[in-house]
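# Descriptive structure summary
Below are the chains, spelled out letter by letter.
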Amino acid sequence: MNVEGIESMLDEIGVEYRYHHFEENEAVNPPFICWTMPGNNNFAADGKVYAKAIELDIELYTDQKDMLLEEKVEQVLEEHEIYWKKTEAYIESENMYEVLYEMEV
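Structural notes, computed from the coordinates. Only a predicted model underlies this, so the values are computations on that prediction, with no experimental measurement involved.

Note on placement: glutamate 88 falls in strand E6 (residues 84–91). The sequence separation of glutamate 88 and asparagine 40 amounts to 48 residues, and the corresponding C-alpha distance is 22 Å. Excluding its chain neighbours within four sequence positions, the residues that come into contact with glutamate 88 are Lys65, Glu70, Tyr97, Glu98 and Val99.

Per the stated rule, a full pass over the model turns up six salt bridges. Note that glutamate 26 is salt-bridged to arginine 18, the shortest N-O span being 3.3 Å. Note on arginine 18: relative accessible area 27%, which makes it partly exposed. Of the charged contacts, one joins lysine 86 and glutamate 70 as a salt bridge, the two residues approaching to 2.7 Å between their closest N and O atoms. In this pair, lysine 86 is assigned in strand E6 and glutamate 70 in helix H2 (residues 67–79), connecting sequence segments 16 residues apart. According to the relative accessible area criterion, glutamate 70 is buried, its value standing at 5%. One salt-bridge network, held together by shared partners, links Lys65, Glu70, Glu74, Lys86 and Glu88.

Moving on to unusual backbone geometry. For the peptide bond that leads from proline 30 to proline 31, omega is 5 degrees, which places it in the cis range. Along the chain, proline 31 falls in the loop between strand E1 (16–19) and strand E2 (32–40). Positive phi is not limited to glycine here, since histidine 20 has a value of about 70 degrees. In this structure, histidine 20 sits in the loop between E1 and E2. We classify histidine 20 as partly exposed; its relative accessible area is 49%. Even without being glycine, aspartate 46 reaches a positive phi, approximately 55 degrees. Residue position: aspartate 46 is located in the loop between strand E3 (43–45) and strand E4 (48–51). Assessed through its relative accessible area of 79%, aspartate 46 is described here as exposed.

Right, let's get into H2. Over its 13 residues, H2 runs 18 Å from end to end, which matches the ideal 18 Å to within 8%, given 1.5 Å per residue. Taken together, the buried positions of H2 are Leu69, Glu70, Val73, Glu74, Val76 and Leu77. Mapping the buried residues of H2 onto a view down its axis gives an arc of 160 degrees, with all of them on the same face. Exposed residues on H2 whose side chains face more than 90 degrees from its buried face are Met67, Leu68, Glu78 and Glu79. Lining the buried residues of H2 we find helix H1 (3–13), strand E5 (54–62), E6 and strand E7 (96–104).

Looking now at the pairing of E2. Each regular strand carries side chains that alternate between the two faces of the sheet. One ladder, built from four bridges, connects E1 with E2; its direction is parallel. Paired with tyrosine 19 across the two strands is tryptophan 35, which belongs to E2. Pairing of E2 with E5 involves seven bridges; the strand directions are antiparallel. Residue threonine 36 lies in a different strand from E5, and its bridge partner there is aspartate 57.

Thresholds applied
Residues numbered from 1 in each chain as written. Predicted model: local features only at pLDDT ≥ 70, side-chain atom pairs only at ≥ 80, totals over all residues. Heavy atoms only, no water. Helix = DSSP H or I, 4+ residues; strand = E, 2+ residues; numbered from the N terminus. Contact = heavy atoms within 4.5 Å. Salt bridge = Lys/Arg side-chain N within 4 Å of Asp/Glu carboxyl O. Buried < 20%, exposed > 50% of the residue type's maximum accessible area, 1.4 Å probe, protein only. Expected span 1.5 Å × (residues − 1). Arc of directions from axis to C-beta. Pairing = 2+ DSSP bridges.

Bear in mind that shape data such as this cannot, by itself, settle questions of function.
Below you can see the structure in the form of structure tokens.
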């Protein structure tokens with residue numbers, strides 16, 4: 001999946017998103033998404049990349065726990081047949097929840 005495909009998928013969720021972070025002058029109120037491609041997990045054969053697997057992280061930020069929005073994110077990922085893992089943290093300094101979805105595309 002390329003960048004255009006990832007952003008098209010994120011459009012389906014219906015919240016503002018940016019790659020990595022929002023600039024200070026474009027800050028938005030939660031909920032919002034930051035996404036990154038922190039690495040890869042390519043499969044090699046005969047000393048060459050046989051199949052590419054890009055790591056994709058989707059970070060959902062909310063000011064309150066929003067299970068309905070999480071279900072929406074998960075539904076979109078499932079519709080695109082993407083296997084994901086989910087973790088959650090509360091960021092006290094920001095008074096925000098972060099739900100992290102990790103996957104390979």
